[in-house]
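# Observations on chain architecture
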Amino acid sequence: YTLYAYNECIMCKGDSNMSRGKNKTPVILLNTLEIFDSISEAAAAHHLSVGNIIKCCNRVIQSCGKTETKEKMVWRYYDEKRKCLIEPEESCQKV
């Protein structure tokens, strides 16, 4: 897979799914390229905090969780239509 990033922040731009607290924004685990339909689904699958995955996607923290091989898990928002990562704007890092 080749993943391309574009500079857009879901949290700052008020994505309707995120603002309603439903966490329906797709995320990708960069370590494995595993894509989840929602942050809640990713959190449940890996026994992690929804809030910490969001912080990782917004680059407030560098990683959230560890793989079976003790590698730090790196999460990013994922745009299914464009097949690319959604990178946060600098202002989101302060969330």
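The following refers to the structure shown. (Residues numbered from 1 in each chain as written. Predicted model: local features only at pLDDT ≥ 70, side-chain atom pairs only at ≥ 80, totals over all residues. Heavy atoms only, no water.)

## Regarding the overall build of the protein
From N to C terminus, the protein includes four helices and five strands. Put simply, the protein runs from its N terminus to its C terminus through helices and strands in the order β-α-α-β-β-α-α-β-β. When the accessible surface of the protein is split by element, carbon and sulfur atoms take 47% of a total near 5800 Å². (Helix = DSSP H or I, 4+ residues; strand = E, 2+ residues; numbered from the N terminus. Areas by Shrake-Rupley, 256 points an atom, 1.4 Å probe, with all protein chains shown as cover.)

## A look at the packing of aromatic side chains
Under the counting rule described, the total for this entry stands at one aromatic pair. An angle of 50° between the planes, with centres 5.8 Å apart, marks the rings of Phe36 and Trp75 as tilted. Here the residue Phe36 occupies a position in strand E3 (residues 34-36), and Trp75 occupies one in strand E4 (residues 75-79), the gap between them amounting to 39 residues. Trp75 shares its class with Phe36; the two are buried. (Phe/Tyr/Trp six-rings, centres within 6.5 Å; stacked < 30°, edge-to-face > 60°. Buried < 20%, exposed > 50% of the residue type's maximum accessible area, 1.4 Å probe, protein only.)

## A closer look at the packing of helix H3 (residues 39-46) against helix H4 (residues 50-57)
Look at H3 against H4: their axes get within 9 Å of each other, and the N-to-C directions meet at 115°. Read as a crossing pair, H3 and H4 show a hand that is right-handed. On H4, the residues that touch Ile39, Ser40, Ala42 and Ala43 of H3 are Val50, Ile53 and Ile54. Here the contact of H3 with H4 is built from residues that sort into six nonpolar, one polar and no charged. (Axes fitted to C-alpha atoms, helices over the stretch in contact; angles between N-to-C directions. Left-handed = near helix turned anticlockwise from the far one by under 90°. Contact = heavy atoms within 4.5 Å. Nonpolar A, V, L, I, M, F, W, Y, C, P; charged D, E, K, R; others polar.)

## Section: the environment of Cys56
Mapped onto the elements of the fold, Cys56 is located in helix H4. Each C-alpha atom of the pair Cys56 and Arg76 lies 7.0 Å from the other, and the pair is 20 residues apart in sequence.

## Quick notes on a negative patch on the surface
A surface patch of like charges, here negative, comprises Glu34, Asp37, Glu41 and Glu80. Note on placement: Glu41 falls in helix H3. Given the relative accessible area of 36%, Glu41 is considered partly exposed. (Patch = residues over 30% accessible without salt bridge, like charges linked within 9 Å, V, L, I, M, F, W, Y side chains within 5 Å. Salt bridge = Lys/Arg side-chain N within 4 Å of Asp/Glu carboxyl O. Lys, Arg positive; Asp, Glu negative; His and termini not counted. Charge placed at Lys NZ, Arg CZ, Asp CG, Glu CD.)

## Let's talk about the nonpolar core
One broad rule of soluble globular proteins: the nonpolar side chains tend to lie buried together. In terms of nonpolar packing, the biggest core is built from 15 residues, with Val27, Ile39, Ala42, Ile53, Cys57, Trp75 and Tyr77 touching the most fellow members. For this core, the element with the highest residue contribution is H4, accounting for four residues. (Core = buried A, V, L, I, M, F, W, Y, C linked by side-chain atoms within 4.5 Å.)

## Some remarks on unusual backbone geometry
The bulk of non-glycine residues show a negative phi, and the bulk of peptide bonds are trans. Look at His47: it is not a glycine, yet its phi comes out positive at around 55°. Along the chain, His47 falls in the loop between H3 and H4. Take His47: its relative accessible area is 74%, and that puts it in the exposed class. Positive phi, normally seen in glycine, also occurs at Lys70, with a value near 70°. With respect to the element layout, Lys70 can be found in the loop between H4 and E4.

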